[in-house]
Amino acid sequence: MTLLSVQDLVKHFPVSGSSKLVKALNGVTFEIERGETFSLVGESGSGKTTVGRAVVGLIEATSGAIVFDGKPMSWKRNIRSPELRGRIQFVFQEPGESFNPREPVAAAMIEPLKYLGMNRSDRDRRLAEVLELIRMPMATAMKLPDDLSPGMLQRAAVGRAIITRPDLVVLDEPTSALDPTARAEIVDLLISVQKKMETAYLFISHDLSTVRFLTDRICVMYLGSVMETGPAEKVFLDPRHPYSVGLMASVLLPHPSLKTPERMKLEGEIPSPLDLPPGCPLASRCPLVEPACRERMPLPEYPQPKHLVHCINHHKLERADVVSDRFETFHTLSDRILRQGLPERVA
Amino acid sequence: MTYQDKTDTTEAQAVAAPVLELEGITVAYPRYGESDHVALDAVDLKIRRGEIVGLVGETGAGKTLLTRTVMGAIPGGGEHTSGAMRYNGTPFTDLPDDKSPVRPAKDIALIVSNPRRELNPVLTVGQQIVNVIRHHLGLSEKEARARAVDMLRAVAIPDPESRMDAWPHELSGGMAQRVVIAIALSCDPGLVISDDATSALDVTVQLQVLNLMKEMVAGSETAALIITRDIAITAHYCDRVVILYKGEVVEEAPRDAFFDRPHHPYSINLLAAFAHSPALREAWWDVPPLADGTRPACRFADRCARRQPRCVSEAPALRDCGAGRRVRCHYPVEAGT
């Protein structure tokens, strides 16, 4: 069942002192099912954060619709209306900046419940439940944000988001400010929370190796447009958009034998979203570019069921012979390394 | 031993000497009414000519403090209490001193993680490169400018002549990082230190910048020290890997050997962050806490899955285990264990 549907979302920001527009989103469409994890990936400037902010109503879209739970969001029906309050939550990138430095994190965590009109004893009971779920001792939760490590603080931010038992949590780069170990802990936490609470996640990230094992479906964005959407295994195994191929080829994996493939290396950088030319936004960097690409945005095509690509040359990228992607290979390898010298009490 | 003999040996030593040699570097922060906080504890590091060494650690491991110590700019009241630093065999202590035999930017160049903050916003890109070249190499304005254009071309900046007159705010993050690399390499330094230089960049740009650094280092026999918290970078761009934990080197090994069989439990913990299997990860990470108030002798004991009583009572020494590997652990993961 569809929980959230984003339809042809457009957001243009005016530039002060000129008539130019920053075209942050140019017609973004996707759907999120109940209880699934949907990831938006792309380089900085691709518009993924803008989508997340529009979904929770922090910015107003220029045009297009956001339909939550069957009914469109509008100025009358927004995240603050009694009907929707607490059903969509947000986790920010910088844990240190999303907590009041003068109150214990537990106070910040129960704050969403006050706006649901919950009484004190229920609030305390709910807090205890959530602390158990995020595996944080009460004593830690009573500390000030400055006394917690960034990883612990992000754990509390996840707790604050799920305390209202939301249907959807929007996570905007929740792991990119953290060390790799803290990052993996947050990912494990998100997976275990989802198993227990059946919350849907809109996971916004540029970190593909995190996304690969967290997400059910993935959407690759570039300069405010969707390039490719599909089930995670399919997109990672057989990406059909030159940009997805290039993006995945740029990810470094921690083993010398897993070299980055030479296929579809993306040269240059993402162009400015000011006054974009018509046609495919990738045309300036794409190795497969044709004159037709510069004329208009390619129409959506479905190389496989549920796998959508905006590229006229997607068939050239088909790779029927591959059985596992680089990420999968790494995980087999890392399992072998981690089994070496595993302490006996668990082995 | 005659005088002649003595000079011969020192010359031979100078030729074979590593580009940078750190021996027992200790930096401590005094604390009121308590013992000093030792932020770097007897760190040894050798970087040879043409070699790229990766230094990996989490936040607070002392990675940046180590670069700052080498560059002579220890932040916030820290004291370099002991240890020796040598550049091509020449001892140095305090880099900013004009009389120091080793000069920053000329001999040891530093690339930091925020390129925009490092560039002067009120000077054009070209002027900033020219200033560095003229100061260190004593070239004329014209010669320095020609060299600066060559440098911009070498770091793959399109249309370098016109980019010379660009202002830093007109550059994208990746472009600004290239300019900083061009400045760092413009005087043929013997050593380039990259302190998390690519962490703020997008993956596609990060790859371009790392490839560029690797090519430049390979082409000029410069040595490089890549400091990062992302162990994946070291797997592809370094010859040797050094792991730092709470101010101590816990493991050092040639790259391929390290990634095939990391010896120190902390190195395995770092790799586990990238693994998919949550069960294996938990096996390494979920460690029963130490009894309250225990201060283990091994700094990693409280997070170590292979902890034994000896780890709490006796601090492990950094010991040699052959084939260029060193590990600081009583019970390292070795063949057959």
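This is a predicted model, so every value here is computed, not measured. (Residues numbered from 1 in each chain as written. Chains lettered and ligands numbered in written order. Predicted model: local features only at pLDDT ≥ 70, side-chain atom pairs only at ≥ 80, totals over all residues. Heavy atoms only, no water.)

1. Some details on the overall build of chain A
Here's step 1: Helix and strand counts for chain A stand at 11 helices and 12 strands.
Here's step 2: A compact globule built from 347 residues would reach a C-alpha radius of gyration of about 20 Å, and chain A, at 21 Å, matches this within 12%.
Here's step 3: When its C-alpha atoms are laid out on the principal axes, chain A stretches across 65 × 60 × 40 Å.
Here's step 4: Here chain A, with 347 residues, has 56% of them falling under the buried criterion. (Helix = DSSP H or I, 4+ residues; strand = E, 2+ residues; numbered from the N terminus. Rg over C-alpha atoms; globule rule 2.2 N^0.38 Å. Buried < 20%, exposed > 50% of the residue type's maximum accessible area, 1.4 Å probe, protein only.)

2. Things to note about the pairing of strand β9 (residues 217-222) of chain A
Residue and element names in this part refer to chain A.
Here's step 1: Of all 6 residues that make up β9, 5 are buried, and the element is covered over most of its length.
Here's step 2: Looking at chain direction, strand β3 (residues 37-41) and β9 are connected through 4 bridges and run parallel. Note that in β9 the partner of F38 across the bridge is R217.
Here's step 3: Relative to strand β10 (residues 225-231), β9 is paired through 6 bridges, and the arrangement is antiparallel. Within β10, the position partnered with C219 by the bridge is T229.
Here's step 4: In this structure, the hairpin formed by β9 and β10 is closed by a connection of 2 residues, where L223 is found at a positive phi of approximately 45 degrees. (Pairing = 2+ DSSP bridges.)

3. A few points about the UniProt feature "domain: ABC transporter" (unreviewed entry) in chain A
Here's step 1: Here the UniProt-annotated "domain: ABC transporter" (unreviewed entry) positions come out as residues 4-248 of chain A.
Here's step 2: Secondary structure content for residues 4-248 of chain A is 35% helix and 27% strand, while the C-alpha to C-alpha distance between its ends is 27 Å. (UniProt positions renumbered as here; feature names shortened; annotations may be inferred.)

4. Describing the interface of chain B and chain A
Here's step 1: Counting residues at the interface gives 50 residues for chain B and 45 residues for chain A.
Here's step 2: For the pair chain B and chain A, the two sides together bury roughly 4100 Å², of which 59% comes from carbon and sulfur.
Here's step 3: Of all residues in chain B, B:H236, B:F274 and B:L280 give up the largest surface area on contact with chain A, accounting jointly for 15% of the area buried on that side.
Here's step 4: Where chain B meets chain A, there are 4 salt bridges.
Here's step 5: The partner of B:D286 in a salt bridge is A:R135, with the nearest N and O atoms 3.6 Å apart.
Here's step 6: Between the two partners, chain B and chain A, sit 10 residue pairs in polar contact (both at pLDDT 80 or more).
Here's step 7: Those elements that provide at least two residues to the side of chain B that touches chain A are α7 (173-185), α8 (203-220), α9 (231-237), α10 (255-260), α11 (265-272) and α12 (278-285) of chain B.
Here's step 8: Tallying contributions element by element places α8(B) first for the side of chain B that touches chain A, with 7 residues. (Contact = heavy atoms within 4.5 Å. Buried area = accessible area lost by both parts, 1.4 Å probe. Salt bridge = Lys/Arg side-chain N within 4 Å of Asp/Glu carboxyl O. Polar contact = N/O pair within 3.5 Å; in protein donor to acceptor, adjacent residues only side chain to side chain.)

5. Things to note about the pairing of strand β1 (residues 2-14) of chain A
Residue and element names in this part refer to chain A.
Here's step 1: Here β1 pairs with strand β2 (residues 21-33) via 10 bridges, running antiparallel. Residue pairing in the sheet places H12 in a bridge with K23 of β2.
Here's step 2: Between β1 and the antiparallel strand that follows it, β2, lie 6 residues; G17 among them carries a positive phi value of about 75 degrees.
Here's step 3: Where β1 lies against strand β4 (residues 63-68), 5 bridges are found, and the strand directions are antiparallel. The residue of β4 that forms the bridge with V6 is I66.

6. A short note on the domain arrangement of chain A
Residues and elements named next belong to chain A.
Here's step 1: Each domain of chain A was delimited in the assignment, giving domain 1 (1-87 + 167-341) and domain 2 (99-163).
Here's step 2: One C-alpha centre belongs to domain 1, the other to domain 2; they are set 30 Å apart.
Here's step 3: Buried area between domain 1 and domain 2, summed over both chains or domains, comes out near 1100 Å², and the portion from carbon and sulfur atoms is 77%.
Here's step 4: Contact with domain 2 buries area across many residues of domain 1, yet R85, I186 and L189 alone supply 36% of it, more than any other trio.
Here's step 5: Connecting domain 1 to domain 2 are 0 salt bridges.
Here's step 6: The interface formed by domain 1 and domain 2 holds 2 residue pairs in polar contact (both at pLDDT 80 or more) in total. (Domains from an automatic or database assignment.)

7. Considering the sheet that holds strand β4 (residues 79-87) of chain B
Residue and element names in this part refer to chain B.
Here's step 1: Here 4 strands make up an open sheet; going across it, the order is β2-β1-β4-β5 and the pairing antiparallel. Each edge of the sheet is formed by a strand with only one pairing partner; in this case those strands are β2 (37-47) and β5 (90-92). Direction aside, the axes of adjacent strands within the sheet are offset by 15 degrees on average.
Here's step 2: Pairing of β4 with β5, which is carried by 3 bridges, proceeds in the antiparallel orientation. The residue of β5 that forms the bridge with Y87 is T90.
Here's step 3: The sheet contacts of helix α2 (residues 63-70) involve β1 (20-29), β2, β4 and β5, and relative to β1 the element is tilted by about 110 degrees. (Axes fitted to C-alpha atoms, helices over the stretch in contact; angles between N-to-C directions.)

8. Digging into the sheet that holds strand β5 (residues 71-72) of chain A
Sheet strands pair via backbone hydrogen bonds, and the direction of the pair is either parallel or antiparallel.
Here's step 1: Spatially, β2-β1-β4-β5 (chain A) is the arrangement adopted by the 4 strands of the open sheet, whose pairing is antiparallel. Among the strands making up the open sheet, the edge pair consists of β2 and β5 of chain A.

9. A look at the nonpolar core
Here's step 1: Counting residues in each nonpolar core, the largest one holds 102 residues, and the members touching the most others are A:I134, A:L190, A:L208, A:Y243, B:I231, B:I243 and B:W284.
Here's step 2: The greatest single-element share of this core, amounting to 7 residues, is contributed by helix α6 (residues 180-197) of chain A.
Here's step 3: Excluding residues within four positions of it along the chain, B:W284 makes contact with A:L338, A:Q340, A:G341, A:L342, A:P343, B:P265, B:I268, B:N269, B:R303, B:A305, B:R306 and B:V333.
Here's step 4: By size, the runner-up hydrophobic cluster in this structure holds 45 residues, among which are B:A182, B:A184, B:L201 and B:L212. (Core = buried A, V, L, I, M, F, W, Y, C linked by side-chain atoms within 4.5 Å.)

10. Quick look at the packing of α11(B) against α12(B)
Residues and elements named next belong to chain B.
Here's step 1: Between α11 and α12, the shortest axis-to-axis distance is 10 Å and the interhelical angle comes to 150 degrees. For α11 against α12, the interelement crossing comes out left-handed. Of the residues in α12, those in contact with P265, I268, N269 and A272 of α11 are R281, W284 and W285.
Here's step 2: Residue classes in the contact of α11 with α12 are distributed as 5 nonpolar, 1 polar and 1 charged. (Left-handed = near helix turned anticlockwise from the far one by under 90°. Nonpolar A, V, L, I, M, F, W, Y, C, P; charged D, E, K, R; others polar.)

11. Quick look at unusual backbone geometry
Residues and elements named next belong to chain B.
Here's step 1: Non-glycine residue D159 carries a positive phi angle of around 55 degrees.
Here's step 2: Positive phi, normally seen in glycine, also occurs at A323, with a value near 55 degrees.
Here's step 3: Following the sequence through the fold, A323 ends up in the loop between β11 (319-320) and β12 (326-327).
Here's step 4: A323 sits in the exposed class, given a relative accessible area of 71%.

12. Regarding the state of the cysteines
Here's step 1: Applying the stated criterion to the full structure yields 0 disulfides over all chains.
Here's step 2: Unpaired in this structure, A:C311 has its nearest cysteine sulfur neighbour in A:C286, at a distance of 6.1 Å. (Disulfide = S-S within 2.5 Å.)

13. Some remarks on the packing of aromatic side chains
Centre-to-centre distance and the angle between the planes together describe a pair of aromatic rings.
Here's step 1: Inspection of the entire model under this criterion finds 8 aromatic pairs over all chains.
Here's step 2: On the numbers, 4.6 Å between centres and 45 degrees between planes, the contact of A:F90 with A:F92 is tilted.
Here's step 3: Seen from their ring centres, B:Y245 and B:Y266 are 4.4 Å apart, and the 50 degrees between their planes marks the pair as tilted. Here B:Y245, found in strand β9 (residues 240-245), pairs with B:Y266, found in helix α11; they are 21 residues apart in sequence, far enough to count as distant.
Here's step 4: B:Y245 gets classed as buried once you look at its relative accessible area, which sits at 5%. (Phe/Tyr/Trp six-rings, centres within 6.5 Å; stacked < 30°, edge-to-face > 60°.)

14. Digging into the confidence of the model for chain B
Here's step 1: Overall, the predicted model of chain B reaches an average pLDDT of 85, with 93% of residues at or above 70.
Here's step 2: Predicted confidence is poor over residues 1-9 of chain B, with pLDDT under 50, and the contacts of this stretch with residues over four places away or in other chains come to 1 contact. (pLDDT = per-residue confidence, 0-100.)

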